Amino acid sequence: GRQMVNEYDENDVGASGMTLRFANVDEDMSVSNDALVDNLVCDCCQTDVALTAEGPVAVYRDRTVEEIRDIYVSRRVDGVWQPGYAVSADNWDIAACPVNGPIIQADGQHVAVAWFTGVNEAPIVKVAWSVDAGRTFSEPIEIDANHPLGRVGAALLPNGDIVVSWLRSTGMGGSELRMKRVARNGDQGEDYLLEEAKDVFSFSVPQITRDGDNLIVAWTDEVEGVYNVASAVVPAAMLK
């Protein structure tokens, strides 16, 4: 097993903030191989990790002492986590955690990272691909710049395409849960709106996974102040 967590440690961090750590967790819940991955990261953005043909790659929102909070990856090579580097130089200057972490998916040497950024007060959801197990990434592909809230999810399809899910603002505090198929060459399908998610809670982080030819999505919705967990099965063929 493996565990990737954000954790505060005043002995390791260079400025007041959170660290990113790794550990192996066995079936009996014993913890070993505790390691520091990055000594200063965004406080509340969730992290993610995927297994490539060359080992695990972690993705997270980094934080510099100048409060630039972009998406970084770190590769574990020969048991050692390498220094993190930016997937894309968004240069988002924000002196607070946006609570909007990235997602990573991998298949062999192919890796895809999806994320949200609000740089220059222009929110956008992006995807970038790697064909060398996360060493380098392509120029980002714009997924949505029409008032997205982010909270991205993703699942790889057998043909190598990725399906990205995200929340979009509808104004007046409302939000929608949308999905889109994206190919490695940048070709994109049309947005697919989960009509059942019209009341999705704006701070929900929807989860998406693939089961055969179907995508299973789960999210939190809010109806008249009552919160529920909702789910849907979406055939991948519907995302054209």
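Note that this is a predicted model, so its numbers are computed, not measured.

S.K.: Let's hear about the sheet that holds strand β12 (residues 141-144): which residues, and what values?
M.R.: Taken in spatial order, the 4 strands of this open sheet run β9-β10-β11-β12, and their pairing is antiparallel. Strands with a single pairing partner mark the edges of an open sheet, and in this sheet they are β9 (103-107) and β12. Strand-to-strand, the axes of this sheet are offset by a mean angle of 20°, without reference to chain direction.

S.K.: Describe in detail the pattern of salt bridges, supporting the description with residues and values.
M.R.: Scanning the entire structure with this criterion turns up 12 salt bridges. For Glu67, the salt bridge goes to Arg69, with nearest N and O atoms at 2.8 Å. The exposure class assigned to Arg69 is buried, which follows from its relative accessible area of 3%. The residue Arg168 makes a salt bridge to Asp144 at a minimum N-O spacing of 3.0 Å. Remark: Asp144 occurs in strand β12 and Arg168 occurs in strand β14 (residues 162-171); sequence separation between them is 24 residues. For Arg168, a relative accessible area of 12% translates into the label buried. Linked through salt bridges whose partners overlap, the residues forming this network are Asp144, Arg168, Glu176, Arg178, Lys180 and Asp191.

S.K.: Which residues make up the packing of aromatic side chains, and what values go with them?
M.R.: All chains considered together, the criterion is met by 3 aromatic pairs. Centroid distance Phe22 to Trp81: 5.3 Å. Interplanar angle 55°. Geometry classified as tilted. A residue pair is termed long-range when its members are at least 10 positions apart, and Phe22 in strand β2 (residues 18-25) and Trp81 in strand β7 (residues 80-81) qualify at 59 residues. For Phe22, a relative accessible area of 5% puts it in the buried group. Here Trp81 falls in the buried class, since its relative accessible area comes to 10%. Their ring planes at 45° and their centres at 6.3 Å tell us that Tyr60 and Tyr72 sit as a pair that is tilted. Of this pair, Tyr60 sits in strand β5 (residues 55-61) while Tyr72 sits in strand β6 (residues 71-77), and the two are 12 residues apart along the sequence. Of the two residues, Tyr60 and Tyr72, neither departs from the other in class, the shared state being buried.

Parameters and conventions
Residues numbered from 1 in each chain as written. Predicted model: local features only at pLDDT ≥ 70, side-chain atom pairs only at ≥ 80, totals over all residues. Heavy atoms only, no water. Pairing = 2+ DSSP bridges. Helix = DSSP H or I, 4+ residues; strand = E, 2+ residues; numbered from the N terminus. Axes fitted to C-alpha atoms, helices over the stretch in contact; angles between N-to-C directions. Salt bridge = Lys/Arg side-chain N within 4 Å of Asp/Glu carboxyl O. Buried < 20%, exposed > 50% of the residue type's maximum accessible area, 1.4 Å probe, protein only. Phe/Tyr/Trp six-rings, centres within 6.5 Å; stacked < 30°, edge-to-face > 60°.

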